Amino acid sequence: MLPFLLFFLFPAHSAAELCHPNDKAALLAFKHSFSNPNPIPSWDPNFDCCSYYGVNCDETTNYVIGLEMISDYLTGTIPTALANLTHLQILRLQKMPNLVGEIPSAIGELTNLRFLEISWTNISGPVPHFLVKLKNLAFLELQFNRLSGSIPPLLATLPYLRVIDLSRNQLTGPIPESFGYLPKTAEFPALDLSHNKLSGDIPASLANLNFSSVEISRNNLSGDASVFFGKGKITTVISISRNNFEFDFAKVSFMESLVILDISHNKIYGSIPPQIIEDTLLQRLNLTYNRLCGKVPTGWKLKFNPEGWDYTSFFHNRCLCGIPLDPCK
Ligand SMILES: *[C@@H]1O[C@H](CO)[C@@H](O)[C@H](O)[C@H]1NC(C)=O
Ligand SMILES: *[C@@H]1O[C@H](CO)[C@@H](O)[C@H](O)[C@H]1NC(C)=O
Ligand SMILES: *[C@@H]1O[C@H](CO)[C@@H](O)[C@H](O)[C@H]1NC(C)=O
Ligand SMILES: *[C@@H]1O[C@H](CO)[C@@H](O)[C@H](O)[C@H]1NC(C)=O
Ligand SMILES: *[C@@H]1O[C@H](CO)[C@@H](O)[C@H](O)[C@H]1NC(C)=O
């Protein structure tokens, strides 16, 4: 029986090998640059690397185009050997608490990347400027790390960018004005910069953007966040809570697409425009802890909340009144 078993454990690799030798060398170098005694045991040099766990090859060219890892085991820095996976389009390193150090410049060589995710790790240092070399990038997801420094303004020159998620880091400085001038090809961006230490006024240029969603809660941003609103836009989520925003809510015109709105814990003043009920699909609403005044509009015709909103959507404002709060005097 033994030779038969061995045949299955160590198949003759010549027949099955689809993987390109350079890709395989790069993957094995990637594996061995971690400091663990036995990193990624299943990546056996005798096997076709297109069959490795987490590796995806193009069906016609057999080049490695995807590398997706989740590991609480792998320890060390992001391997520079990645630079030799020259056809890589998708790189996702997720939930790797023992991944440390900065994002290496090797990542900037992967010019075919469309999807870059490094999330839930302990990497630190800046959001690197060299990411601007990744002209095909559509998804940039660097959430839940320890990144610091400011957001590189030139990211806004990437022509196909659709998602920027830099949430839950320690980023400082302003939202770059350039973000209001994303190329037309990057038309409906989803932006998540929440849970950082960003400060400064919201650039007026952001009014140009037709965001699909914008989440910037829990920063120290200030100024007029009404630029995110506007009739005719396609935004579904606006979450700007826990900043220092000051603007007149009565002057906001809402997009019909709006489903989630959280402006809580700011200094937003004025009354609640009746249009918020008449013209939107709102399902979740939080206006608490602001300086709003006047009568809460009536006549909510909400799909999932036919009774309207209870007081937890409105409390702790300057002088809001009427159902579901106390009657107006
Ligand atoms: C890329 O591959 C070449 C040739 O195999 C090798 O000399 C070089 O060290 C590799 N680069 C990295 C960053 O591993
Ligand atoms: C970072 O490392 C600390 C221990 O040093 C760990 O508690 C934490 O979960 C790690 N963070 C992430 C996002 O994995
Ligand atoms: C937040 O920004 C304001 C200026 O808008 C500044 O005075 C304050 O110190 C900042 N707070 C923190 C915690 O950085
Ligand atoms: C936003 O995009 C939608 C869908 O393409 C379009 O109809 C609308 O005119 C755009 N609105 C603005 C303000 O750019
Ligand atoms: C709105 O936010 C406040 C403060 O964070 C919270 O107490 C309240 O439950 C929230 N209400 C809703 C409807 O989410």
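Whatever comes next refers back to the structure up there.
Since the structure is predicted, the reported quantities are computational estimates derived from the model, not experimental observations.

**As for the sheet that holds strand β10 (residues 163–165)**
Moving on, step 1. In space, the eleven strands of this open sheet follow the order β1-β2-β4-β6-β8-β10-β12-β14-β16-β18-β20, with mixed pairing throughout. The open sheet has two edge strands with one neighbour each: β1 (55–57) and β20 (284–286). For this sheet, the mean angle separating the axes of adjacent strands, direction not counted, is 10°.
Moving on, step 2. As defined by bridge partners, strand β16 (residues 237–239) adjoins strand β18 (residues 260–262) across three bridges and the pair is classed as parallel. Across the sheet, Ser239 pairs through a bridge with Asp262, a residue of β18.
Moving on, step 3. Where helix α3 (residues 21–32) meets the sheet, its contacts fall on β1, β2 (64–70) and β4 (90–96), and the angle it forms with β2 comes to roughly 15°.

**Concerning the packing of aromatic side chains**
Moving on, step 1. The full count for this structure, using the stated rule, is ten aromatic pairs.
Moving on, step 2. Relative to Phe254, the ring of Phe229 lies with its centre 5.6 Å away and its plane at 85°, an arrangement referred to as edge-to-face. On the criterion of sequence distance, the pair formed by Phe229 in the loop between β15 (220–223) and β16 and Phe254 in the loop between β17 (244–245) and β18 is long-range, its members being 25 residues apart.
Moving on, step 3. Since its relative accessible area comes to 0%, Phe254 is described here as buried.

**A look at the environment of Ser217**
Moving on, step 1. For Ser217, the location among the structural elements is in the loop between β14 (213–215) and β15.
Moving on, step 2. By relative accessible area, Ser217 is classed as buried at 10%.
Moving on, step 3. Between the C-alpha atom of Ser217 and that of Asn243, which follows or precedes it by 26 residues, the distance is 6.7 Å.
Moving on, step 4. Ignoring any residue separated from it by four or fewer positions in sequence, one finds Ser217 in contact with Ser194, His195, Ser239, Ile240, Ser241 and Asn243.

**Let's talk about unusual backbone geometry**
Moving on, step 1. Cis geometry is found at the peptide bond from Ile323 to Pro324, where omega equals 10°.
Moving on, step 2. The topology assignment puts Pro324 in the segment after β22 (319–321).
Moving on, step 3. Backbone geometry places Arg168, a non-glycine residue, at a positive phi of 55°.
Moving on, step 4. The topology assignment puts Arg168 in the loop between β10 and β11 (170–171).
Moving on, step 5. With a relative accessible area of 36%, Arg168 lands in the partly exposed category.

**Description of the side chain of Asp48**
Moving on, step 1. Looking at the element boundaries, Asp48 is found in the loop between α3 and β1.
Moving on, step 2. Although Asp48 lies buried, it forms no salt bridge, and the closest oppositely charged side chain, Lys24, sits 5.9 Å away as judged by the N-O distance.
Moving on, step 3. There is a polar contact of 3.1 Å between the side chain of Asp48 and the backbone nitrogen of Leu18.

**Let's talk about the side chain of Asn219**
Moving on, step 1. Structurally, Asn219 is set in the loop between β14 and β15.
Moving on, step 2. A residue is classified by how much of its surface remains accessible, and Asn219, at 9% relative accessible area, is buried.
Moving on, step 3. Within polar-contact distance, the side chain of Asn219 engages the backbone nitrogen of Asn196 at 3.2 Å.
Moving on, step 4. Here Ile216 takes part through its backbone oxygen, which lies 3.1 Å from a polar atom of the side chain of Asn219.
Moving on, step 5. Once you skip the residues sitting within four places of it in the chain, Asn219 turns out to touch Leu193, Ser194, His195, Asn196, Lys197, Leu198, Arg242 and Asn243.

**Let's talk about the site of ligand 5**
Moving on, step 1. What surrounds ligand 5 is the set Arg242, His265, Leu285, Asn286, Thr288, Tyr289, Thr312, Ser313 and Phe315.
Moving on, step 2. Measuring from an oxygen atom of ligand 5, one finds a side-chain N or O atom of Arg242 at 3.3 Å.
Moving on, step 3. Between ligand 5 and the protein, one listed contact pairs a nitrogen atom with a backbone N or O atom of Thr312 at 2.8 Å.
Moving on, step 4. The residue inventory of the shell around ligand 5, partitioned by class, reads three nonpolar, five polar and one charged.

**Some points on the sheet that holds β15**
Moving on, step 1. Pairing in this open sheet of three strands is parallel, and the strands run β13-β15-β17 from one edge to the other. The open sheet terminates on both sides in strands that have one partner only, identified here as β13 (199–201) and β17.
Moving on, step 2. In terms of strand pairing, β15 meets β17 through two bridges, oriented parallel. Looking at β17, one finds that Ser222 is bridged to Asn244.

About the criteria used
- Residue numbers here run from 1 along each chain, matching the order of that chain's written sequence.
- Chain labels run from A onward and ligand labels from 1 onward, assigned in the order the entries are written.
- For a predicted model such as this one, the threshold for reporting local features is a pLDDT of at least 70, and the threshold for listing and counting side-chain atom pairs is 80 or more; totals across whole chains, interfaces and linings nevertheless cover every residue.
- Values reported for side chains reflect all heavy atoms of the structure, with hydrogen atoms and water molecules removed beforehand.
- When DSSP finds two or more bridges between a pair of strands, those strands are recorded as paired.
- Every helix listed is a DSSP run of H or I at least four residues long, and every strand listed is a run of E at least two residues long, numbered separately from the N terminus.
- A fitted line through C-alpha atoms represents every axis, and for helices the fit uses only the stretch in contact; the resulting angles, taken between N-to-C directions, go from 0 to 180 degrees.
- Two residues qualify as a contact provided that any one of their heavy atoms is within 4.5 Å of a heavy atom in the partner residue.
- The aromatic pairing rule takes the rings of Phe, Tyr and Trp, using the six-membered ring of Trp, and pairs them if the centres are within 6.5 Å, calling planes under 30 degrees apart stacked, those over 60 edge-to-face and the rest tilted.
- Only protein chains enter the accessibility calculation, which uses a 1.4 Å probe. A residue is then buried if its area is under 20% of the maximum for its type, exposed if over 50%, and partly exposed in between.
- A positive count includes Lys and Arg, and a negative count includes Asp and Glu. His and the chain ends are not counted in either.
- In what follows, salt bridge is the name for a side-chain nitrogen of Lys or Arg lying within 4 Å of a carboxyl oxygen of Asp or Glu.
- Counted as a polar contact is a pair of N or O atoms within 3.5 Å, where, for protein atoms, one must be capable of donating a hydrogen and the other of accepting one, and residues adjacent in sequence contribute only when both atoms are in side chains.
- Working definition: residue near molecule or strand if any one of its non-hydrogen atoms lies within 4 Å of it.
- Amino acids are sorted into nonpolar (Ala, Val, Leu, Ile, Met, Phe, Trp, Tyr, Cys and Pro), charged (Asp, Glu, Lys and Arg) and polar (every other residue, Gly among them).

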